[in-house]
Every structure is written in structure tokens, then in C-alpha cells.
Amino acid sequence: DNGYAWHKIAYYSGNQILTMKYPTIVDKSSDGYTDSVGGYRNRYNTEDGVYNCPPSSADALDIRTEDYATSTANRVLVSHCLAKTSNIGLPVRLGVTLPLRQFYKPDGSINQERREAVTKNFSTPVIMEPKSGPQPNITEVKVYAECMSAWFDWAIMENGTQNPALPGAEQSEMAIIDIGGQT
């Protein structure tokens, strides 16, 4: 769930589903941040310039924009999440979300153009420093409506098992309300 305040990530580790979240702090600067021996930390190179994902920044980009889903900053933040969860260098089949008003058109049909633009964005490479190290390896992108994340958060328990309250096939209707930044 690539949100405006936090990026929430769920991934398999062995036979467990693990989850983490990271603040969406990103800045665009070639200065960057270094470790104790002068190596860059949390630095990402893109076709649009150099981005950094520090723990805090006075120069953080405003990502509450209508084009956030297709922005380089969003793609960098997703790559940062992959790095922080040790999924860098591994083939990743990525599922990202769009707010309902972007996922669907006013007539209720799926907005395929928007989904394709998001897929193209996340298929564009991000290069981490050091460039000789493992890199983000997104092999597939699927775009879902935001409410899907809320459903999985409820349906799958912390240990990766199914929520015992999950209704059976005869009771499959459910309402999901995701109170997020753009709700």
C-alpha cells in the first residue's frame, strides 16, 4: 500500500507473510547522506535525477499530488521499501494500489489507461548506490484498488494464517472502508 504518509509492504519470507511500514520521506538532491566511511546511504538514481530516502528531511518532497501514483518519488519509495526488507536483488512481483477514484472511471469501469501508466512507472528501473550492489528487480506489476490492501490486512493474520472470522463462500459479501489520505 504505497500511501502518502507510509508505504506498507507485505511479502513472503519462507512460508511466512511479513509486514513492515516506512515513512514516505523522500528528497531530490545530489548531496545525499553518507555512512561513517563516506558511502552513500538510501540513495537512488533515476532517469529523473538523484533521490534520497532519509529518516527525516527539511527538504522532503510534497508527495500529496494527483500524479503521485505515476511519480518517480513513489517508485523510489517502493525501491526503498524493497531494500529495507532485504528484498533487493530478488525478483519481485509487485502489487501497488490506486485510490478508488483513480482506479475506476466515473461510469464505474476500470481506468485501464491509469493502470497502464502506473505499471509503466514501476517497470522503469531505479538504481541504488552502490551501483555495483544488488538492485531492485521488479519483474511484474499489478495495480489494484486501495481497498484490496485493507481486505488482506483483515483476512490474513499476523502469522500468515487465515482470519477465523473470514466468511465462507455462502457469506462472501463484505464492505471495506479504507480511511486514507485521499478518502
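Our structure is the block above this text.
Model, not experiment: these values are computed from the prediction. (Residues numbered from 1 in each chain as written. Predicted model: local features only at pLDDT ≥ 70, side-chain atom pairs only at ≥ 80, totals over all residues. Heavy atoms only, no water.)

Undergrad: Looking at this structure, I do not really get the overall build of the protein. What am I missing?
TA: Of regular secondary structure, the protein possesses four helices and ten strands. Along the protein, from the amino end to the carboxyl end, the secondary structure elements read β-β-β-β-β-β-β-α-β-α-α-β-β-α. What you see for the protein is a C-alpha radius of gyration of 17 Å, in line with the 16 Å of a compact globule of 183 residues. Across its three principal directions, the C-alpha atoms of the protein cover 60 × 40 × 30 Å. For the protein, buried positions account for 35% of its 183 residues. The long-range fraction of contacts in the protein, counting pairs at least 24 apart against all pairs at least 6 apart in sequence, stands at 61%. Side chains of the protein give 16 positive and 21 negative charges; the mean places of these two sets differ by 4 Å. (Helix = DSSP H or I, 4+ residues; strand = E, 2+ residues; numbered from the N terminus. Rg over C-alpha atoms; globule rule 2.2 N^0.38 Å. Buried < 20%, exposed > 50% of the residue type's maximum accessible area, 1.4 Å probe, protein only. Contact = heavy atoms within 4.5 Å. Lys, Arg positive; Asp, Glu negative; His and termini not counted. Charge placed at Lys NZ, Arg CZ, Asp CG, Glu CD.)

Undergrad: Honestly, the pattern of salt bridges in this entry has me stumped. Any pointers?
TA: Note on pairing: side chains with opposite charge can pair once their charged atoms come close. Counted under the stated rule, the structure contains seven salt bridges. Close ionic contact of Glu 129 with Arg 43 constitutes a salt bridge, the shortest N to O distance being 3.6 Å. Of this pair, Glu 129 sits in the loop between strand S9 (127–128) and strand S10 (137–145) while Arg 43 sits in strand S6 (residues 43–46), placing them 86 residues apart in sequence. Per residue, the accessibility class of Glu 129 equals that of Arg 43, and both read buried. In this structure, Glu 113 and Lys 105 form a salt bridge, with 3.4 Å as the shortest nitrogen-oxygen distance. Through salt bridges that share partners, Arg 93, Glu 140 and Lys 142 make up one connected network. (Salt bridge = Lys/Arg side-chain N within 4 Å of Asp/Glu carboxyl O.)

Undergrad: Mind showing me how you'd approach the nonpolar core here?
TA: Inside soluble globular proteins, nonpolar side chains tend to come together where they are buried. Membership of the largest hydrophobic core comes to 31 residues, with the highest contact counts inside it found for Val 26, Ile 63, Val 76, Val 96, Val 118 and Phe 122. Listing elements by their share of this core, those giving two or more residues are strand S1 (6–13), helix H1 (72–84), strand S8 (91–98), helix H3 (112–123) and S10. With six residues, the top contributor of residues to this core is H1. Sequence-distant contacts of Ile 63, that is, excluding residues within four places in its chain, are made with Tyr 4, Thr 24, Val 26, Tyr 68, Ala 73 and Leu 77. (Core = buried A, V, L, I, M, F, W, Y, C linked by side-chain atoms within 4.5 Å.)

Undergrad: Would you explain the packing of aromatic side chains in this entry?
TA: The way to describe two aromatic rings as a pair is by their centre distance and the angle between their planes. All chains considered together, the criterion is met by one aromatic pair. Ring centres 4.8 Å apart and planes at 75° place the aromatic pair Phe 103 and Tyr 104 in the edge-to-face group. For Tyr 104, a relative accessible area of 33% gives the class partly exposed. Over the face of the ring belonging to Trp 6 we find Lys 21, whose NZ or CZ atom lies 4.6 Å from the ring centre. (Phe/Tyr/Trp six-rings, centres within 6.5 Å; stacked < 30°, edge-to-face > 60°. Lys NZ or Arg CZ within 6 Å of the ring centre and 35° of its normal.)

Undergrad: Which parts of the structure should I look at to understand a nonpolar patch on the surface?
TA: Together, Leu 100, Tyr 104 and Ile 110 make up an exposed nonpolar region whose accessible area comes to about 240 Å². Mapped onto the secondary structure, Leu 100 falls in helix H2 (residues 100–103). Accessibility expressed as a relative area gives 44% for Leu 100, which makes it partly exposed. (Patch = residues over 30% accessible without salt bridge, like charges linked within 9 Å, V, L, I, M, F, W, Y side chains within 5 Å. Areas by Shrake-Rupley, 256 points an atom, 1.4 Å probe, with all protein chains shown as cover.)

Undergrad: I'm lost on the sheet that holds strand S3 (residues 27–28) in this one. Help?
TA: Sheet strands pair via backbone hydrogen bonds, and the direction of the pair is either parallel or antiparallel. Here four strands make up an open sheet; going across it, the order is S3-S7-S6-S9 and the pairing antiparallel. Here the strands that pair on one side only, and so sit at the sheet edges, are S3 and S9. On top of the sheet, H1 reaches S6, strand S7 (49–52) and S9; it is set at about 135° to S6, its chief contact. (Pairing = 2+ DSSP bridges. Axes fitted to C-alpha atoms, helices over the stretch in contact; angles between N-to-C directions.)

Undergrad: Teacher, can you tell me more about the pairing of S7 here?
TA: Side chains on a regular strand alternate between the two faces of the sheet. As paired strands, S3 and S7 are joined by two bridges and run antiparallel to one another. Among the inter-strand pairings, Lys 28 is bridged to a residue of S7, identified as Tyr 51. Examined bridge by bridge, S6 and S7 share four bridges and lie antiparallel to one another. Its bridge partner lying in S7, Asn 45 is registered against Val 50. The loop that links S6 with its antiparallel partner S7 comprises two residues.

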